Every structure is written in structure tokens, then in C-alpha cells.
Amino acid sequence: MRLTGGLFVALATVTMTAVSAQVKLTGTARGYGRHTTGGGETAPIVPASPAHLAQLLADQHPRVIHLNREYNFKHTEGTTTALGCRPPSNTCPARAGAGGGGGQDAINAVNWCLPSYPKVPVTYDTAGTRGMPVAANKTIRGIGAAAVIRGKGLWLNSPNVIVQNVHITDINEQYIWGGDALYFNDKSTNIWIDHVKISHIGRQFLALDAGVVPRHVTISNSEFDGRSAFSASCNGAHYWTALFLGTADSITFHGNWLHDISGRGPKIGGGPTTTTTTSKTKLHAVNNLWSDVPGHAFDTHDGATVLIEGNFFKNVDTPILGHAGSVYIPATKNNACRFSPLKRACVRNNNILATAGMADVAAAAAVAAAFVDEAYAAPITTGRLAMADVRNNAGVGKI
Ligand SMILES: *[C@@H]1O[C@H](CO)[C@@H](O)[C@H](O)[C@H]1NC(C)=O
């Protein structure tokens, strides 16, 4: 998009002055995403339109992009009507004229619809199924509580990107394969997702694909709001929360609030199919809150190395599905971790049944030892942290 040069520069200058106070407050990532610098000290730009936002994200310049309003991508790429399907999970299909609501039917992406699934017509917003490519060295930062990206997600395929204080919402919520909010492709290392909110999405809130490049990522202080009238599990809670399938990823997940979700919160390890490479993801989940989960939070598979400590589980049906992979989730304080590179006791999780934890001390030290990386600083509050602290801090409009 072309803008009148003079006018645009003037607007950008005004914006810079107005937001300079907030810019200083944004901090740096802790944990595996700590080398992320995004657009660095580049002068901030406020995109003039959704198309301008897409252009700034995709170009080959370092950018600090400030969002001070809603950028609505719905209806910008037309509507697609096709033959999809009704999977067996949709036991509560929407009734005609019922004013919305019901389970999720599926768009037949990646030939997902099995021949046994009844065919149904699907009509969806095309923009939602195509994430916006994000090039290297970008900061996308909301100002105040106003930043919304509606109807389209981000397709992270390059290193060094910060997404902070932005609400991503409303992406073909009624359809499986309707679109992801944040999709991480092969080269998306050094990514920091902070104070983001995600809601009303058809497919994944977060998806790290099986990319072969080792990715270092921090996801912090974010709200994953699964309340939905189109739940794949037919219980008002979004199923497709977070998928960590990387072949060699290291992820720090801290200070997040996940609520009203029913599955994959997150799913770690395994492979997309039995014939693909097993993923090897290392995940440190600390000081997060899961609340009102009519389903499962963690779903761990072979290849996952997961340390889950200092979290809250409130009204969660199943904090963890099985224990495949190498997982440690202490229900009591565990001093064995002192002998690991963490050099401190592992911190117990709250409101979790002792039976959901692993009592095996050797397993505790072995899992903790995986977090040996040079200078890895576990961002954990070992003392008193209240559930309300996590809830009040997570999401947009808090920084
Ligand atoms: C991003 O920044 C790195 C480090 O400064 C640089 O090597 C690389 O070329 C930059 N990429 C782009 C697309 O600007």
C-alpha cells in the first residue's frame, strides 16, 4: 500500500510521542525466548489499515508496529463455500434458525474428513484460513487495551518476533480448520508472545508445527479464553488450544491464564501422524493458571520433556492425560530438583491431586536436568503467588 509520505511521517511522529511512556514498560522475555529483540529501537509505526498492517509485517525491514485500534480482516478476501464434513465429535450440530451455536463441523483441509464422515456444505471467511506472514525482526505491540486483530491470525515463519498486548479473535470459530491464531512455521525461533489474548478461533490458538529448526520461544502473561458457542467438545469450551509438535523446540510458558478450554491445553510431543518424525519439545510451564476446564489441560506424548511447577489448577477435570514422555508435575515441594541444574526445590502445583503428580524422585531430577541450557533462568515465583495474581496480570490492557 502507498501512503502520502508527508502525512504518514507526521502521524507516526505524533504516535511516537504519545506512546513513549508505554514503550519503556514492556520489558524483555524470560526463559527460552530471552534473546528476542523484535524490531528493536526502530521508530514505531501505526498501520493505517488492515492491508497496511499486513504489508508492514511481511516486508524485509525491522519494524516496531503499534496497534491502537481494531484491524478487521473479515470479508477482505471474500467467502468460500465448499463441501466439508461433520465429524463424530459434533454431537450437537447447530439447528437451523437457532441463532448460532452448536458443535464444530470441519473444512476439509489436508483431507482431514474421513470417508465415513457425513458431507456438509461449509461457508467461511477466506481471510481466516490464511495467516498473515510475519518476516524477521518485528515487534507488534498494542497500545492500551484497544489493539485487536480480527478475522486473521499470524503466520510466524521467521526469527525474532515479539507480539505483545494484542487480542487476536474471531477466526471462523464454527469450523475445525477455520484458521489458527498464532501458527509457528519452521524458522520461527526467538519468538516472544506476551500479554496476548486469544478467543473465538476455529482451529488452534497456538500451533508450533513439526519444523526441524530448533525454536526458542517464550509465551507469557497471556489469556487463552476458550468460551465458545461452537465447541468441538459440545460443552461451551474450546478444544484446540495449544499444539507443540516441534522436532527440537524449547518453550517457556509462564504467567498465562487458560480458561474454559476442553483440550490440548497444551498437547506436547508425538507426531501429526504415526508415520512422521516424533517431536522433541522441552516445555517449562511455570506460574500459570488453568481454570474451568471441562476436559484436559496437558496432553503429553513421546518425545516431550515437561516440567510443570508452581501452577494453579482450579476446577480442571483432567490436569494431565496420561504421562507419556518425560514429565514431572509435583504435587508437593520436591527437593530432588536441588541436585539438578535448577539448584532449587521444584515448586508444587496447587489444587492438583497427589495422584496426578509423579512421586519418583529420580524422574524429578532427570526432568529438571533437561533445563540445563546455558544461562536459562527459570522465571518462577517460588514464594507466595495467588491465583488472582495470575488472572489479573494475564491478557491485554495490563501493561
Ligand atoms: C534481522 O536482524 C538480523 C540481526 O540484526 C539480521 O542479520 C537479518 O538480516 C535481519 N533480517 C531482516 C529481514 O531484516
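Per an unreviewed UniProt entry, the protein goes by pectin lyase and derives from Geranomyces variabilis. Quoted straight from UniProt, the Function (unreviewed entry) entry for the protein says "Pectinolytic enzymes consist of four classes of enzymes: pectin lyase, polygalacturonase, pectin methylesterase and rhamnogalacturonase. Among pectinolytic enzymes, pectin lyase is the most important in depolymerization of pectin, since it cleaves internal glycosidic bonds of highly methylated pectins."

Visitor: I keep staring at the overall build of the protein and nothing clicks. Help me out?
Guide: Helices and strands together make up the secondary structure of the protein, namely four helices and 28 strands. In the protein, buried positions account for 55% of the 399 residues. Counting contacts in the protein only where the partners sit at least 6 residues apart, residues at least 24 apart contribute 72% of the total. In the structure as shown, the protein presents an accessible area of about 16100 Å², 56% of it carried by carbon and sulfur atoms.

Visitor: Just to check I follow, could you spell out the state of the cysteines for this structure?
Guide: Disulfide: a covalent bond formed between the sulfur atoms of two cysteine residues. The full count for this structure, using the stated rule, is three disulfides. Each sulfur in the disulfide pair cysteine 92 and cysteine 234 lies 1.9 Å from the other. Here cysteine 92 and cysteine 234 share a disulfide; its torsion about the S-S bond, -95°, makes the bridge left-handed. Of this pair, cysteine 92 sits in the loop between strand S4 (79–85) and strand S5 (105–106) while cysteine 234 sits in the loop between strand S19 (223–225) and strand S20 (242–244), and the two are 142 residues apart along the sequence. The disulfide bridge from cysteine 337 ends at cysteine 346, spanning 1.9 Å between sulfur atoms. Taking the torsion about the S-S bond as the criterion, the cysteine 337 to cysteine 346 disulfide, at about -90°, is left-handed. When sorted by exposure, cysteine 337 lands in the same class as cysteine 346, which is buried. When the bonded cysteines of the protein are numbered from the N-terminus onward, they pair as 1-3, 2-4, 5-6.

Visitor: Would you take a moment to explain the packing of aromatic side chains for this structure?
Guide: The geometry of two aromatic rings is summed up by the distance between their centres and the angle between their planes. What the rule picks out here adds up to ten aromatic pairs. A ring pair is formed by phenylalanine 244 and phenylalanine 253, whose centres lie 6.3 Å apart and whose planes are at 70°; its orientation type is edge-to-face. For phenylalanine 244, a relative accessible area of 0% translates into the label buried. Three or more aromatic residues joined by ring pairs make a cluster, and in this case those are Phe205, Phe224, Phe244, Phe253, Trp290, Phe298 and Phe313. If you follow arginine 203 out to its NZ or CZ, it ends over the ring of tryptophan 177, 4.1 Å from the centre.

Visitor: Explain the pairing of strand S8 (residues 138–142) to me, please; I cannot follow it from the model alone.
Guide: For a regular strand, side chains alternate in direction, first toward one face of the sheet and then toward the other. The buried fraction of S8 amounts to five of the five residues, a majority that puts the element mostly inside the structure. Because side chains alternate across S8, one face comprises the buried residues Lys138, Ile140 and Gly142, and the other comprises Thr139 and Arg141, equally buried. Relative to S8, strand S2 (residues 63–67) runs parallel, the two sharing five bridges. Residue pairing in the sheet places isoleucine 65 in a bridge with isoleucine 140 of S8.

Visitor: Would you mind showing me how to read the sheet that holds strand S15 (residues 191–194) here?
Guide: What links the strands of a sheet is backbone hydrogen bonding, and the strands pair in either a parallel or an antiparallel sense. Strands sit in the order S1-S2-S8-S11-S15-S18-S21-S24-S26-S28 across an open sheet of ten strands; the sheet is parallel. Among the strands making up the open sheet, the edge pair consists of strand S1 (44–45) and strand S28 (326–328). By the bridge criterion, four bridges tie strand S11 (residues 161–164) to S15 in an arrangement that is parallel. Within the sheet, the bridge partner assigned to valine 163 lies in S15 and is isoleucine 193.

Visitor: Can you walk me through the site of the ligand in this structure?
Guide: Lining the immediate surroundings of the ligand are Gln60, Ala136 and Asn137. The backbone of glutamine 60 places a nitrogen or oxygen atom 3.5 Å from an oxygen atom of the ligand. Asparagine 137 places a polar side-chain atom, nitrogen or oxygen, 2.3 Å from an oxygen atom of the ligand. Alone, the ligand offers 360 Å² of accessible surface; in the complex the protein occludes 36% of this.

Visitor: Whenever I open this one, helix H2 (residues 50–58) confuses me. Can you help?
Guide: Along H2, the positions that sit buried rather than exposed are His52, Leu53, Leu56 and Leu57. Buried residues of H2 fall within an arc of 135° about the axis and therefore sit on the same side.

Visitor: Whenever I open this one, the side chain of serine 220 confuses me. Can you help?
Guide: Considering the arrangement of structural elements, one finds serine 220 in strand S18 (residues 216–220). Within polar-contact distance, the side chain of serine 220 engages the side chain of tryptophan 192 at 2.9 Å. Reaching out from serine 220, the side chain makes a polar contact with the side chain of aspartate 194 at a distance of 2.6 Å. Contacts of serine 220, omitting those with residues within four sequence positions, involve Trp192, Ile193, Asp194, His195, His254 and Asn256.

What counts, and at which threshold
Residues numbered from 1 in each chain as written. Predicted model: local features only at pLDDT ≥ 70, side-chain atom pairs only at ≥ 80, totals over all residues. Heavy atoms only, no water. UniProt positions renumbered as here; feature names shortened; annotations may be inferred. Helix = DSSP H or I, 4+ residues; strand = E, 2+ residues; numbered from the N terminus. Buried < 20%, exposed > 50% of the residue type's maximum accessible area, 1.4 Å probe, protein only. Contact = heavy atoms within 4.5 Å. Areas by Shrake-Rupley, 256 points an atom, 1.4 Å probe, with all protein chains shown as cover. Disulfide = S-S within 2.5 Å. Phe/Tyr/Trp six-rings, centres within 6.5 Å; stacked < 30°, edge-to-face > 60°. Lys NZ or Arg CZ within 6 Å of the ring centre and 35° of its normal. Pairing = 2+ DSSP bridges. Near = heavy atom within 4 Å. Polar contact = N/O pair within 3.5 Å; in protein donor to acceptor, adjacent residues only side chain to side chain. Arc of directions from axis to C-beta.

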